[in-house]
Amino acid sequence: MIGKRSITETEKAVQARLGDIPLRREQMAAVSNIYRAAAAVRQHLENSVLRDAELTWTAFTVLWEVWIWGESETRHVAEEAGISKGTLTGVARTLETRGLLVRTAHATDGRLVLLSLTAAGEELMSRIFPAFNAEEAFVADDLTPDECLTLADSLRRIVAQLEAKGEDRRQELLAGNSPKPRRGGRRAKG
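Caption draft 1: Molecular detail of the overall build of the chain. Check the secondary structure of the chain and you find 8 helices and 3 strands. Along the chain, from the amino end to the carboxyl end, the secondary structure elements read α-α-α-α-β-α-α-β-β-α-α. Taken over the C-alpha trace, the chain has a radius of gyration of 20 Å; the compact-globule value for 190 residues is 16 Å, which it surpasses by more than 25%. With the principal axes as the frame, the chain shows a C-alpha extent of 60 × 45 × 40 Å.

Spelled out as structure tokens, the structure:
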């Protein structure tokens, strides 16, 4: 099959492939649908509101973090945005070139870099966020307000679970070893 598969088709294919393997299927469905929903929402917002502003999801997230929290250290912005410091460096350079963000050295620790929005960055966020929020409302339009709050609470509990117990679980799975470095999928030739 070529092209985009529906969520129903995917769920049927997963069931056919996994058959009788003993799994915690409800939890698998929840996590799988978190991923699919997040990817679909991201794609929709990138191809609508963010496209008009010439922003990627990552660039918008960086601007959002600095807009909400004010001047921030790059390490905190990267962590909150869920990206590496290296990725943030490239995104911040692009946003700085566009006149939306300023990078400055920390006053007392030259190793640290601070990010802050320019007046143009502030204006952009103030202008596009209402449109962004309108698309958030569109995305969740088939849910009642109570269902939206229940979903938000459920997702908040998943995040809290990982914040409270995720590191211990990772250490348990790694038997106390350091994780292997991340790979981009390519293997060394030879």
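Caption draft 2: Fine view of the sheet that holds strand E2 (residues 101-105). Within the open sheet, the 3 strands sit side by side as E1-E3-E2. Their pairing is antiparallel. Whereas interior strands pair on both sides, the edge strands pair on one side only; in this sheet they are strand E1 (72-73) and E2. Two elements, E2 and strand E3 (residues 113-117), share 5 bridges in a ladder whose sense is antiparallel. Residue pairing in the sheet places Arg103 in a bridge with Leu115 of E3.

Caption draft 3: How the structure looks around the nonpolar core. With 27 residues, the main nonpolar core has Leu55, Phe60, Val62, Leu63, Leu95, Leu101 and Ile128 as its most contacted residues. Elements with a contribution of two residues or more to this core: helix H3 (49-52), helix H4 (57-69), helix H5 (74-81), helix H6 (85-97), E3 and helix H7 (119-139). When sequence neighbours within four positions are dropped, the list of residues in contact with Leu55 reads Leu50, Phe60, Leu63, Leu95, Arg98, Leu124 and Ile128.

Caption draft 4: Main features of unusual backbone geometry. Backbone geometry at Glu54 places phi at a positive 55°, although glycine is not the residue there. Structurally, Glu54 can be placed in the loop between H3 and H4. Residue Glu54 is classed as exposed on the basis of its relative accessible area, which comes to 63%. Within the chain, Ala175 stands out as a residue other than glycine whose phi angle is a positive 55°.

Caption draft 5: Molecular detail of the environment of Lys4. Mapped onto the secondary structure, Lys4 falls in the segment before helix H1 (7-18). When its relative accessible area of 70% is taken as the criterion, Lys4 is described as exposed. With sequence-adjacent residues up to four places away left out, Lys4 is seen in contact with Glu9 and Gln43.

Rules used throughout
Residues numbered from 1 in each chain as written. Predicted model: local features only at pLDDT ≥ 70, side-chain atom pairs only at ≥ 80, totals over all residues. Heavy atoms only, no water. Helix = DSSP H or I, 4+ residues; strand = E, 2+ residues; numbered from the N terminus. Rg over C-alpha atoms; globule rule 2.2 N^0.38 Å. Pairing = 2+ DSSP bridges. Core = buried A, V, L, I, M, F, W, Y, C linked by side-chain atoms within 4.5 Å. Buried < 20%, exposed > 50% of the residue type's maximum accessible area, 1.4 Å probe, protein only. Contact = heavy atoms within 4.5 Å.

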